[in-house]
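The residues making up each chain are set out below.
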Amino acid sequence: MFGISPLGWIHTLGSLPAIPVAVYMFARYGRIVPRSLPGLIYFIAMLIGAVTVFLVAHEPAGYVIGAVTLVLLLAGYGVGHLHGLGRAARYIETVCLSLTAFLLMLPTVTEVLRRVPDGHPLVTDLKSPLLLGSQGSLLVILIIGLTAQIISLGRQAG
């Protein structure tokens, strides 16, 4: 179904919970909160997705996105344990984890548009206006979201 291998389904279904959990945390807290139950679920789902992408990716971009996601995920969850960073830790954590959500959604949107509906996908060309517009919209959401998060963190600190 949808041309996805059994390992591809493990990758897809393993990382899928990260999407609604991220949406929940963005709506509730304005950011991904690593030291929370939803944050733990997000971490596990993202880790599954980022690690298994190396087993299912067919394009070099998939490997790059997986590696960058892993680095950002570990940095975002680890920075809070470093002493001496003060308030900067919260900013680093927020930016890193928001970038992981962006890196989750970018291939998700791309793959959905390239596979759905089954047998007659909406997008067959990587230069499709629909695909490029969707990816551009995600970038705009990232820029606006990060700006709002940084402003919010600055207000909380003051």
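Scroll up to find the structure.
Bear in mind the structure is a predicted one, so any value in this text is a computation, not a measurement.

Caption draft 1: Examining the pattern of salt bridges more closely. Overall, the coordinates contain five salt bridges when judged by the stated rule. Arg35 is the salt-bridge partner of Glu93, the closest N and O atoms lying 2.7 Å from each other. Placement of the pair is Glu93 in helix H5 (residues 88-115) and Arg35 in the loop between helix H2 (18-29) and helix H3 (37-56), with a sequence separation of 58 residues. A residue is classified by how much of its surface remains accessible, and Glu93, at 1% relative accessible area, is buried.

Caption draft 2: Highlighting the environment of Cys96. Turning to its location among the elements, Cys96 is positioned in helix H5. A C-alpha to C-alpha distance of 25 Å links Cys96 and Ile10, two positions 86 residues apart in sequence. In contact with Cys96, not counting residues within four places along its chain, are Leu72, Ala75 and Gly76.

Caption draft 3: Structural detail: unusual backbone geometry. Each neighbour pair has its own omega, and for Val116 with Pro117 the value is -5 degrees, a cis peptide bond. Take Pro117: it is sitting in the loop between H5 and helix H6 (129-157).

Caption draft 4: Spotlight on a nonpolar patch on the surface. Taken together, Leu37, Leu40, Ile41, Ile44 and Ile48 make up a surface patch of nonpolar side chains, about 430 Å² in accessible area. Tracing the chain through its elements places Ile44 in helix H3.

Rules used throughout
Residues numbered from 1 in each chain as written. Predicted model: local features only at pLDDT ≥ 70, side-chain atom pairs only at ≥ 80, totals over all residues. Heavy atoms only, no water. Salt bridge = Lys/Arg side-chain N within 4 Å of Asp/Glu carboxyl O. Helix = DSSP H or I, 4+ residues; strand = E, 2+ residues; numbered from the N terminus. Buried < 20%, exposed > 50% of the residue type's maximum accessible area, 1.4 Å probe, protein only. Contact = heavy atoms within 4.5 Å. Patch = residues over 30% accessible without salt bridge, like charges linked within 9 Å, V, L, I, M, F, W, Y side chains within 5 Å. Areas by Shrake-Rupley, 256 points an atom, 1.4 Å probe, with all protein chains shown as cover.

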